[in-house]
Amino acid sequence: MIKCKHCGQMVDDTALFCPKCGQPIEKLSGTTVPPTPEQPSGQQTSNYGQQVPPYKQQQAPNYGQQVPPYQQQQAPNYGQQVPPYQQQQAPNYGQKQNYSTAPNGMRMRNMDMMEACKLFWTKYATFDGRARRAEYWWSCLMLFVINFLLGWTFIIPLATIIPSIAISVRRLHDIGKSGWYYLLCLVPIVGQILLIIWFCQEGNIGRNEYGEDPKYF
């Protein structure tokens, strides 16, 4: 093997022209170029002077250079108060909501028997305000069960006569009527039937002269 003096390409001793540059090969007697040792497998020669693809280029750290706002990383705000509009509330899985959506599209407060019975005793002698249908009829069911279990004696009606009148007056307030209409219960049959019809009516939606709406909000 000899080396072309024009381009440095290694050519065979018997070649007359360089296969790379096409120049004639000048052979010097007694001068041979030793063959280039082969590199071991797995080692690559360094590509000095060769262009590196963009996806392989490594960018130097931009010390002292201003980073655009969209590339800036914010440190976590440990111990800092987060504004209410940024706070994320965890979903209330398993928790009972105290309201539901009524067919008319309004939000309606939910009321079960336990809550109605609690209001019956906590408002023992409260004649002001309003009482919705659920509160009244759940309380009537409670009194019926108590009388059925303990026997139909005069002690239970005597102990519950004041809260029974109070919740009846509040039920009349809910439909926009005065509590004095409860005296119609003294009228045999006709007065009692009229009161039952009124107690089954839907209360006034929104605030009336007797107070806030206990059902819708």
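Naming follows an unreviewed UniProt entry, where the protein appears as DUF805 domain-containing protein of Candidatus Limisoma faecipullorum.

A.B. asks: Even after reading the chapter, I still don't get the UniProt feature "transmembrane region" (unreviewed entry) in the protein, so can you show me in this structure?
C.D. replies: The UniProt record annotates "transmembrane region" (unreviewed entry) at residues 140-167 and 179-200. Helix makes up 82% of residues 140-167 and strand 0%. Its end C-alpha atoms lie 10 Å apart.

A.B. asks: Help me out: how do you make sense of helix 5 (residues 190-199) in this one?
C.D. replies: An α-helix turns once every 3.6 residues. As a result, residues three or four positions apart point the same way. Those residues of helix 5 lying buried are Gly191, Leu195, Trp198 and Phe199. In an axial view of helix 5, the angular spread of the buried residues amounts to 95°, which keeps them on one side of the axis. Where the residues of helix 5 are buried, they touch helix 2 (133-150) and helix 4 (161-174).

A.B. asks: Looking at this structure, I do not really get the pattern of salt bridges. What am I missing?
C.D. replies: Opposite charge on two side chains permits them to pair, given that their charged atoms come into close proximity. Scanning all chains against the criterion turns up 7 salt bridges. In this structure, the salt-bridge partner of Asp174 is Arg171, at a minimum N-O distance of 2.6 Å. In this pair, Asp174 and Arg171 are both assigned in helix 4, 3 residues apart and thus about one turn of the helix distant. With respect to burial, Asp174 and Arg171 carry one shared label: buried. A salt bridge links Glu212 to Arg207; its shortest N-O distance comes to 2.8 Å. Take Glu212 and Arg207: they sit in the same class, and that class is exposed. Here the salt bridges share partners, and the residues they tie into one network are Arg130, Arg171, Asp174 and Asp213.

Each value, and the rule that gives it
- Sequence positions are assigned chain by chain, starting from 1 and proceeding in written order.
- A pLDDT threshold of at least 70 governs which residues receive local features in this predicted model, and a stricter bar of 80 or more applies before side-chain atom pairs are shown or counted, although totals over entire chains, interfaces and linings include all residues.
- Only heavy atoms go into the side-chain values, all of them from the structure, while hydrogens and water stay out.
- UniProt positions are given in the numbering used here, feature names are shortened, and annotations may be inferred rather than shown by experiment.
- Only runs of H or I of at least four residues qualify as helices and only runs of E of at least two qualify as strands under DSSP, and these elements are numbered from the N terminus.
- Any residue under 20% of the maximum accessible area for its type is buried, any over 50% is exposed, and the rest in between are partly exposed; the area is computed with a 1.4 Å probe on protein chains only.
- Taken from the helix axis, the directions to the C-beta atoms give the arc we talk about.
- When checking whether two residues touch, look at their non-hydrogen atoms; a contact exists if any pair is within 4.5 Å.
- Here, a salt bridge means any Lys or Arg side-chain nitrogen found within 4 Å of an Asp or Glu carboxyl oxygen.

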